[in-house]
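Breakdown of the fold
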Amino acid sequence: MNTFALMIVTPDGVQFDGQAEELVVRTTTGDMGILAGHINCVAPLGMGMATVMVDGQKRYGACIGGMVSVLNGQVKLVPTTFEWADKIDLPRAKASGQRAKDVLADKSSTDTDLRLAEARLKRALIRQSVAQYK
Amino acid sequence: MESTRQITKAMEMVASAKLRKAQNQALACRPYFETLYATIWDIVESNTDMTSPYLSARQGKKMAYVLISGDRGLAGGYNSNVLKLLLSQAEGTEMTVLPMGKKGADHLKSHGISSLTESYTHAESISMGDCFSVAKQLCKGFLKGEYDGVYVVYTKFRSVLSQTPECLQLLPLQKDLEKKHGNCQDIVYEPDSETVFETIVPEYLGGVLYGALCESRASEQAARRTAMDAATQNAQEMIDGLILQFNRARQAAITQEITEIVAGSQ
């Protein structure tokens, strides 16, 4: 299968830099698949699972926020946070999700609190679901 | 003197330890910072659609600066260098400054320069989330026309021995017209270019701010370490000089006493 140069960089460092066969990411408007020879494009990322195929092996990661860009065959995934499935801290994600649920259930929470808690819960759920794919 | 030397020595050690941590963080963050910046500019350069308000240049002179400085002094020229750069850059513009770091904030206050908010004056405790909320705030102000440009003034960490203050233009994302030719390509925007820029620009701003912050933190520690190393050496030199002088004075006193005794016995 044809490969393309893929780079995944986050504020915590480079997560991937090399040749990949396929990349599937969740953008704000839905999943987007990228193969070699893709047209130049840019899309903002939503929250979801990213799948990278390298040497016929699929790797999964929790990918949240940021953007993906394809320019002249070079694919750059620049998310705000990205964790490979085997690097996810499951207990922490569970605890964070539980805390978010508590805030959401609390009737005295303010709008900002609710919004933050909702986003946190979403992130926690994504991490938990991606962690199953180790 | 001895105790001063001990203090500077201790500060050097502390700075070394912190430097290692900050350096790792800066190095980890640097690819992200550079990729993000390069990608955005690539997109802007090959963009043919100029509808986004982020892309159009404005004639106004109201500029917003994010100033990243340290919280504490005793770091050589670290704080004064960024301030000098800010003042020379901002000459002739109406500037609003958002200081990150206590030293910068204090300096602005004493010069009567208005600052946007004082809530990020503790540079060491600013997190990524804070950077993103600052970015959102700046984007909102930019879209409303409160300012016509956004810049960040920070210190680039080149090596442990060399740090240079730099000023980076963040907004507007205006392309260099000479470079435009031959670089025009079609890019597919998903779902459309307006939405893409609307979502990506705040992210880009936040990311770049965070990167600049990491660089600055590493630079601060490196600058402090170098400054304290120099101070320790100076103290050591002074101590050596003083010991020599003291010994000479003592020797002179002894010699004189002996001369007096000899003279008295004759």
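Residues numbered from 1 in each chain as written. Chains lettered and ligands numbered in written order. Predicted model: local features only at pLDDT ≥ 70, side-chain atom pairs only at ≥ 80, totals over all residues. Heavy atoms only, no water.

The next thing to look at is the domain arrangement of chain A. All names here are of chain A. The domain architecture assigned to chain A consists of domain 1 (4-86) and domain 2 (90-131). Computed over C-alpha atoms, the centres of domain 1 and domain 2 are 25 Å apart. Taken together, the contacts link 10 residues of domain 1 with 7 residues of domain 2. Taking both partners together, domain 1 and domain 2 bury about 670 Å²; carbon and sulfur atoms supply 77% of that area. For domain 1, the biggest contributors to the area lost against domain 2 are Met47, Ile64 and Ala85; these three give 55% of the whole. Connecting domain 1 to domain 2 are 1 salt bridge. Residue Arg127 is joined to Glu83 by a salt bridge in which the shortest nitrogen-to-oxygen separation is 2.6 Å. Our count for the domain 1 to domain 2 interface comes out at 1 residue pair in polar contact (both at pLDDT 80 or more). (Domains from an automatic or database assignment. Contact = heavy atoms within 4.5 Å. Buried area = accessible area lost by both parts, 1.4 Å probe. Salt bridge = Lys/Arg side-chain N within 4 Å of Asp/Glu carboxyl O. Polar contact = N/O pair within 3.5 Å; in protein donor to acceptor, adjacent residues only side chain to side chain.)

Moving on, we come to the nonpolar core. In this structure, B:Val152 and B:Tyr204 are the most contacted members of the largest nonpolar core, which totals 57 residues. If you tally residues by element for this core, the top one is helix H6 (residues 193-265) of chain B, at 14 residues. When neighbours within four sequence positions are excluded, B:Tyr204 is seen to be in contact with B:Leu36, B:Tyr37, B:Ile40, B:Trp41, B:Gln169, B:Leu170 and B:Leu173. A:Met32, A:Ile34, A:Ala43 and A:Val70 belong to the second largest nonpolar core, which has 22 residues in total. (Core = buried A, V, L, I, M, F, W, Y, C linked by side-chain atoms within 4.5 Å. Buried < 20%, exposed > 50% of the residue type's maximum accessible area, 1.4 Å probe, protein only. Helix = DSSP H or I, 4+ residues; strand = E, 2+ residues; numbered from the N terminus.)

Another aspect to go through is the packing of helix H1 (residues 2-45) of chain B against H6(B). All names here are of chain B. Interaxial distance between H1 and H6 falls to 6 Å at its minimum, and their mutual angle equals 155°. With respect to H6, the axis of H1 lies roughly antiparallel. Handedness of the H1/H6 crossing: left-handed. Residues belonging to the contact of H1 with H6 are distributed by class as follows: 27 nonpolar, 9 polar and 12 charged. (Axes fitted to C-alpha atoms, helices over the stretch in contact; angles between N-to-C directions. Parallel < 35°, antiparallel > 145°, perpendicular 65-115°, else oblique. Left-handed = near helix turned anticlockwise from the far one by under 90°. Nonpolar A, V, L, I, M, F, W, Y, C, P; charged D, E, K, R; others polar.)

Attention now moves to a nonpolar patch on the surface. Side chains of B:Ile254, B:Ile258 and B:Val262 sit close together on the surface and give an oily, nonpolar patch of about 240 Å² of accessible area. Overall, B:Ile258 belongs to the partly exposed group, its relative accessible area being 48%. (Patch = residues over 30% accessible without salt bridge, like charges linked within 9 Å, V, L, I, M, F, W, Y side chains within 5 Å. Areas by Shrake-Rupley, 256 points an atom, 1.4 Å probe, with all protein chains shown as cover.)

Moving on, we come to unusual backbone geometry. Glycine aside, a negative phi is what most residues show, and trans is what most peptide bonds show. Residues and elements named next belong to chain A. Of note, Asp55 is a non-glycine position whose phi angle comes to about 50°, a positive value. For Asp55, the position within the fold is in the loop between strand S6 (47-54) and strand S7 (57-64). Unlike most non-glycine residues, Asn72 shows phi in positive territory, near 50°. The topology assignment puts Asn72 in the loop between strand S8 (67-71) and strand S9 (74-78).

Our focus in this paragraph is the sheet that holds strand S3 (residues 22-27) of chain A. Residue and element names in this part refer to chain A. Strand order in the open sheet made by the 5 strands is S4-S3-S6-S7-S10, with antiparallel pairing throughout. Looking at the sheet topology across the chains shown, the edges are occupied by strand S4 (30-35) and strand S10 (81-84). Strand-to-strand, the axes of this sheet are offset by a mean angle of 20°, without reference to chain direction. Summarising the sheet, S3 and S4 pair through 6 bridges and their orientation is antiparallel. What sits directly across from Val24, in S4, is Gly33. Sitting on the sheet, helix H2 (residues 111-131) touches S6, S7 and S10, and the angle it makes with S7 is about 170°. (Pairing = 2+ DSSP bridges.)

Our focus in this paragraph is the interface of chain B and chain A. Often the size quoted for an interface is simply the accessible area lost on bringing the parts together. On the side of chain A, 24 residues touch chain B, which itself brings 25 residues to the contact. With both sides pooled, the region where chain B packs onto chain A buries about 2,000 Å², and carbon together with sulfur makes up 73% of that total. Summed over the shared surface of chain B and chain A, the number is 0 salt bridges. Looking at the side of chain B that touches chain A, the elements with two or more residues in it are H1, helix H4 (128-144), strand S5 (188-189) and H6 of chain B. With 10 residues, H1(B) is the largest single contributor of residues to the side of chain B that touches chain A. Looking at the side of chain B that touches chain A residue by residue, the classes come out as 16 nonpolar, 5 polar and 4 charged. As paired strands, strand S5 (residues 41-44) of chain A and S5(B) are joined by 2 bridges and run parallel to one another. Residue pairing across strands places A:Val42 opposite B:Tyr189, the latter belonging to S5(B).

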